[in-house]
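Structural overview
This is what each chain is made of:
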Amino acid sequence: MGTLKEKVVQTVSDLMQAAVFRILFTGIYRWNARKPVQEDKVLFIEVFEPELTDNFRLLYHTLRKKYRFRQHVHFLRSGFTGRVDYIRRCTAMLKDMATARYVFLDAGSNVAGSMPVRKETIITQTWHACGAFKKFGYSVADLKFGSTAEKMEKYPYYANTTYVTLSSPDIAWAYEEAMMLADHKECMKPVGISRTDVFFNRKFLETAKTRFYQRIPQALGKKVILYAPTFRGQVSEAEAPDQLDVPVLMQALEQDYVLVIRHHPHVRTLPEIPARCRGFAVDVTRDMSVEDLICVSDICISDYSSLIFEYSLFERPMLFFAYDLEDYFDWRGFYYNYEELAPGPVVKTNEEIIDYIRHVEERFDIGRVRRFRKKFMASCDGHATERILKMVFGKALKEHRI
């Protein structure tokens, strides 16, 4: 129920949020929206990250290279900066957005979603994950991970969405639920996910391999295990899982394998690899892209990360270190039965990881991975960026072609 003091604090916080959204943000947007729409203005809005992320990169650079559009990028840093700075960033974004013809988002934004957006503006939600795995958005309302249903309805994250790019038509129902767009099914567009195009580019694959062996030369002649888990806790306080026993894995597997670790980018404090294991295990969270690692690894160990959808494009072995499955389910939940969804064995101990890797050639079920890929990644074929641009810009592409 909470103490009287906690209720008072919450009430004051709610009133302040209402004032910021309904008076400040809406006022700024309406004032600037009196000006004409700028037909060549394109906004890319990063909600969390401080740099242009992979799901925007191809879209941004293709537009820059081939077309005459004016592209603006805003980094809101939601959850990663102070309240005053966040309001300042949102204010600058709203001023810009008020006259933009095209807006791209790769995560939910209750600021963009709560505005009285003019009808001329096209807002495309590229989302930052493929498939439909762990729940998000309205699907986690009133769960530990999510906000309250009341707040999500009052300050919607996706209300102004024109298009949502999907990796497969089979998952539209999950995004409709999460984004509160069940009455706007026409928004769901299974045109593919832009960043997956690189996995069909031979030059990118070769370059990824070169970069990898320059960074980790001890991997030459060995197979590569990629450990790529998701974070635990809230986005702004994300923690890394700490149950992988690197010394035990090294003792069993170092003759034939190297272990490459890539934690979620939201994780601020990375688990330390024991000094004696650093020839076998390398943490590249801060200095290698996940795309490169997907290309070069032979086996992927994950847990609840959506990286498995991209990894399925290569039809290689995966296993799922879900030692805290019950807790994670209570925290966030899944769109599908976890053990039925996972295209590889679900394990809870380091010993089970070792046993599977030692027998991977005889136990790997490639048919299971192919069925998974067909269901969740059917629209990802190397041409997603091209389809997204045609969908969003239409005839304007020809008009602004360089």
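For the structure, see preceding data.
Quick caveat: nothing in here was measured; it's all calculated off a predicted structure.

1. Details of the overall build of the protein
Each helix and strand in the protein was counted, giving 17 helices and twelve strands. The globule rule puts the C-alpha radius of gyration for 402 residues at 21 Å, and the 22 Å found for the protein is close to it. Taken along its principal axes, the extent of the C-alpha atoms in the protein is 65 × 65 × 35 Å. When burial is assessed residue by residue, the protein has 53% of its 402 residues classed as buried. Counted over contacts in the protein with a minimum sequence separation of 6, partners at least 24 positions apart contribute 73%. Just so you have it, the protein exposes about 19100 Å², and 51% of that area is on carbon and sulfur atoms. Separation between the mean location of the 58 positive side-chain charges and that of the 52 negative ones in the protein comes to 8 Å.

2. Concerning the sheet that holds strand S5 (residues 163-165)
Either a parallel or an antiparallel arrangement is found when strands of a sheet pair, and the pairing is made through backbone hydrogen bonds. If you trace the six strands from one edge of the open sheet to the other, you get S2-S1-S3-S4-S5-S6, paired in parallel fashion. The outermost strands of the open sheet, each flanked by one partner alone, are strand S2 (70-75) and strand S6 (188-189). Seen against the sheet, helix H2 (residues 54-66) touches strand S1 (38-46), S2 and strand S3 (100-105) and runs at an angle of roughly 155 degrees to S1.

3. A look at the state of the cysteines
Per the counting criterion, the structure on display carries zero disulfides. Cysteine cysteine 300 shares no disulfide, and the gap to the nearest cysteine sulfur, in cysteine 295, comes to 13 Å.

4. Digging into the environment of isoleucine 357
Residue placement: isoleucine 357 occurs in helix H13 (residues 350-358). The exposure class of isoleucine 357 is buried, given its relative accessible area of 1%. Measuring from C-alpha to C-alpha, the distance between isoleucine 357 and serine 109 comes to 41 Å, with 248 residues separating the pair along the chain.

5. A few points about the sheet that holds strand S7 (residues 223-227)
One open sheet accounts for six strands, arranged S9-S8-S7-S10-S11-S12; its pairing is parallel. One side of each edge strand has no neighbouring strand; the edge strands of this open sheet are strand S9 (281-283) and strand S12 (346-347). Sheet contacts for H13: S7, strand S8 (257-261), strand S10 (299-302), strand S11 (318-321) and S12; angle to S11, the most-contacted strand, approximately 175 degrees.

6. Description of helix H3 (residues 83-97)
Here H3 contains 15 residues, and its C-alpha end-to-end distance of 20 Å stays within 8% of the 21 Å for a straight helix at 1.5 Å per residue. Buried within H3 are the following residues: Tyr86, Cys90, Thr91, Met93, Leu94, Asp96 and Met97.

7. Regarding the nonpolar core
Counting 89 residues, the largest nonpolar core has Leu94, Met97, Tyr175 and Phe212 as the members making the most contacts within it. Take this core: its biggest share by element is six residues, from helix H1 (residues 4-32). If we skip the residues at most four places from it in the chain, tyrosine 175 touches Trp127, Ala129, Cys130, Gly131, Ala132, Phe136, Val164, Leu166 and Met188. Ranked by size, the runner-up nonpolar core spans 24 residues in total, among them Val246, Ala281, Leu319 and Ile357.

8. With respect to the pairing of strand S4 (residues 122-125)
The side chains of a regular strand alternate, residue by residue, between the two faces of the sheet. Covered by surrounding structure in S4 are Ile122 and Thr124 together with Ile123 and Gln125, the residues of both alternating faces. Across four bridges, S3 lies against S4 in parallel orientation. From the neighbouring strand, tyrosine 102 faces S4, where its bridge partner is isoleucine 122. In terms of strand pairing, S4 meets S5 through two bridges, oriented parallel. Pairing of threonine 124 across the sheet is with tyrosine 163, part of S5.

9. Points about the packing of aromatic side chains
Following the criterion strictly, the structure yields 33 aromatic pairs and no others. Ring geometry for tyrosine 102 versus phenylalanine 393: centroids 4.3 Å apart, planes at 45 degrees, classification tilted. Placement of the pair is tyrosine 102 in strand S3 and phenylalanine 393 in helix H16 (residues 384-393), with a sequence separation of 291 residues. Between phenylalanine 136 and tyrosine 175, the ring centres sit 5.4 Å apart and the planes meet at 65 degrees, which makes this aromatic pair edge-to-face.

Criteria and thresholds
- Residues numbered from 1 in each chain as written.
- Predicted model: local features only at pLDDT ≥ 70, side-chain atom pairs only at ≥ 80, totals over all residues.
- Heavy atoms only, no water.
- Helix = DSSP H or I, 4+ residues; strand = E, 2+ residues; numbered from the N terminus.
- Rg over C-alpha atoms; globule rule 2.2 N^0.38 Å.
- Buried < 20%, exposed > 50% of the residue type's maximum accessible area, 1.4 Å probe, protein only.
- Contact = heavy atoms within 4.5 Å.
- Areas by Shrake-Rupley, 256 points an atom, 1.4 Å probe, with all protein chains shown as cover.
- Lys, Arg positive; Asp, Glu negative; His and termini not counted.
- Charge placed at Lys NZ, Arg CZ, Asp CG, Glu CD.
- Pairing = 2+ DSSP bridges.
- Axes fitted to C-alpha atoms, helices over the stretch in contact; angles between N-to-C directions.
- Disulfide = S-S within 2.5 Å.
- Expected span 1.5 Å × (residues − 1).
- Core = buried A, V, L, I, M, F, W, Y, C linked by side-chain atoms within 4.5 Å.
- Phe/Tyr/Trp six-rings, centres within 6.5 Å; stacked < 30°, edge-to-face > 60°.

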